Amino acid sequence: MALHVGIDLGTSGIKAVLIEDLARVVAVAAEPVAVSRPQVGHSEQDADLWVSTVFACLDRLAAEAPREMAAVRGIGLSGQMLAALILDEALRPLRPAMLWNDQRAIAECAELLAAVPDIGRRTNGTPDPGITAPKLMWLRKHEPDLMDRARMLMLTKDYVRLALTGEVATEPSDAGGTQLLDVASGRWDPELCAAAGWDPAYLPPVLDSWAEAGRLRPELLARWGMAGPVVVAAGAGDNMGSTLGAGGARPGDAVLTIGTSGVACVVDAAFHPGPRRAILTSAHVVPGVFLSMGVVMSATASLDWVGQITGRAVPDLDAEATEFAARDIEAAPVFLPCLTGIRTPLNRPDLTGRMAGLHPGVTPAMLAYATMEGVAFQFADCIAAQEEVGVRPERFTVVGGGTRSALWLRLLASVLGRPLALIEGADMAGPRGAARLAAVAAGAPVGILSDPVPARREVAPDPALAAALAPRRARMAGLMGF
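The structure presented is a predicted model; accordingly, all values stated were derived computationally and were not measured.

Caption draft 1: Layout of the overall build of the protein chain. Scanning the protein chain from terminus to terminus reveals 17 helices and 22 strands. In terms of overall dimensions, the protein chain has C-alpha extents of about 60 × 50 × 40 Å along its principal axes. Within the protein chain, the proportion of its 482 residues that are buried is 60%. Restricting the contact set of the protein chain to residue pairs at least 6 apart, pairs at least 24 apart contribute 73%. As displayed, the protein chain has an accessible area near 16,900 Å², and 54% of this comes from carbon and sulfur atoms. Seen as two clouds, the 42 positive and the 52 negative side-chain charges of the protein chain have centres 2 Å apart.

In structure tokens:
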């Protein structure tokens, strides 16, 4: 019996899962995490809240399954990517972390691209305000005194690992999102650091994602009743962790995540950067392959917004939209739900949502339907852009909170024209991927990272629905200026 803990640090919540033999879920603990938006376009979090929330989740696992927690041998972490968290000499945060959906560094993106015109071919993609390097440039302009005291850049899951082990480290999948790392080589790039105004001496060492990156502190072993030693893996960016946890390890595997944002992750045997189409490309957490990522900036977040303005719970909206879709979808408006901009394929963080076809008969059900449809269209745009640059998705799996909606899955399968596999525990793909990395760090063979994950069922495309969606997709493309 091998026991490991996988932890996924999402934007709005953190989940820890205790897993036996990388298959049976023994216990789960989840806690929300607040996001601060002090101004329009700003998105920040208190990094110590990440730590306290992870500790609270592990406290709950220890209380619920003390015998199994005592036998844990490894912990793995996956976490929201692209944050900018700067630490002082004592490795304490100097300010809240700027998150992936923070939009304030738009001007700095143009400056970075002018300084390094080929940056999109060397890093994860075209400069975007969500990416770390432009945020560092913004901080240097607007908070120079604070930046003078900065002595380390840390990413979300790496800061939590620091709290668990006392060790400073990162790994290529997450570091690839900073635009300070040469993705093909997996090494920090002095020229990129200079362009962003960051000293390479203030960056953590880069380890393999599956490597041991420290061991749990003795006081934490005692807190959670663990016999020890417990190794902590270097870990993964959230997209890579979820892709791995869903079985995405071989070239051609595609994992679509319908979460707060939406991501189309395709495993690729070669480095196929697509900066012109705002595709992000980083190292995967499996040896020898890369991960191509098309990003939908607002997925379930868009449906949450509809719930807020209509006063309805999301499950009720889903039920109402499903009933509406069985009649005549043409009555619904066409909605481009880019509430926080568009990354793939336009790289337009400044765009806001837009809608066509409003009339007095529009109901909350129609708005919900239009939102799910619009997100499905955006996923299709991502896949088309990835194929355009040479990425070849072959097998599709879908994960994330949006998989609870049968309508959303049917829309997505139909607009893509591809069957979608659903796995058991799709909402736990991130922690499961992190647990796989923990197992290897604790001594299991690296080959287990490529073990397939069986599908529990498949969602087939609906040809009639696909035909009805085609003209509506063309109308949405018009809203984007295609």
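Read on, since the account is not over.
Caption draft 2: Structural detail: the pattern of salt bridges. Under the definition given, this model contains 34 salt bridges. Where Arg104 meets Asp102, a salt bridge forms, and the shortest distance between an N and an O atom there is 2.7 Å. By relative accessible area, Arg104 is classed as buried at 13%. Looking at Asp102, the relative accessible area reads 0%, which means it is buried. Each member of the salt-bridge network shares a partner with another, and the members are Glu44, Arg95, Asp102, Arg104 and Glu143.

Caption draft 3: Main features of unusual backbone geometry. Residue Gly228 is joined to Pro229 through a cis peptide bond whose omega torsion reads -5 degrees. If you trace the backbone, Pro229 turns up in the loop between α10 (218-223) and β12 (231-233). With a phi angle near 75 degrees, Leu82 is a residue other than glycine that sits in the positive phi range. One non-glycine residue, Leu91, lies in positive phi territory at about 60 degrees. Locating Leu91 in the fold gives a position in the loop between β6 (85-87) and β7 (97-98).

Caption draft 4: Structural view of the packing of aromatic side chains. All chains considered together, the criterion is met by six aromatic pairs. Centre to centre, the rings of Phe271 and Phe290 are 5.4 Å apart; their planes meet at 35 degrees, and the pair counts as tilted. Here Phe271, found in the loop between β15 (262-268) and β16 (280-283), pairs with Phe290, found in strand β17 (residues 290-296); they are 19 residues apart in sequence, far enough to count as distant. On the accessibility criterion, Phe290 (15% relative accessible area) is buried. Sitting over the ring of Trp138, Arg104 keeps its end group 4.7 Å from the ring centre.

Caption draft 5: Inspection of the nonpolar core at higher detail. Ranked by size, the top nonpolar core spans 71 residues in total, and within it Ile7, Leu18, Trp50, Met69 and Trp224 carry the most contacts. Val266, Ala368, Phe377 and Ile383 belong to the second-largest nonpolar core, a separate cluster that totals 53 residues.

Caption draft 6: Structural context of the pairing of strand β14 (residues 253-258). With six of six residues buried, β14 is to be regarded as a mostly interior element. By the alternation rule, side chains of β14 split into Asp253, Val255 and Thr257 and Ala254, Leu256 and Ile258, which are all buried. Bridging between β14 and strand β20 (residues 395-399) involves five bridges; their strand directions are parallel. Bridge pairing in β20 links Ala254 to Phe396. Adjacent in sequence and paired antiparallel, β14 and β15 are bridged by three residues.

What counts and how
Residues numbered from 1 in each chain as written. Predicted model: local features only at pLDDT ≥ 70, side-chain atom pairs only at ≥ 80, totals over all residues. Heavy atoms only, no water. Helix = DSSP H or I, 4+ residues; strand = E, 2+ residues; numbered from the N terminus. Buried < 20%, exposed > 50% of the residue type's maximum accessible area, 1.4 Å probe, protein only. Contact = heavy atoms within 4.5 Å. Areas by Shrake-Rupley, 256 points an atom, 1.4 Å probe, with all protein chains shown as cover. Lys, Arg positive; Asp, Glu negative; His and termini not counted. Charge placed at Lys NZ, Arg CZ, Asp CG, Glu CD. Salt bridge = Lys/Arg side-chain N within 4 Å of Asp/Glu carboxyl O. Phe/Tyr/Trp six-rings, centres within 6.5 Å; stacked < 30°, edge-to-face > 60°. Lys NZ or Arg CZ within 6 Å of the ring centre and 35° of its normal. Core = buried A, V, L, I, M, F, W, Y, C linked by side-chain atoms within 4.5 Å. Pairing = 2+ DSSP bridges.

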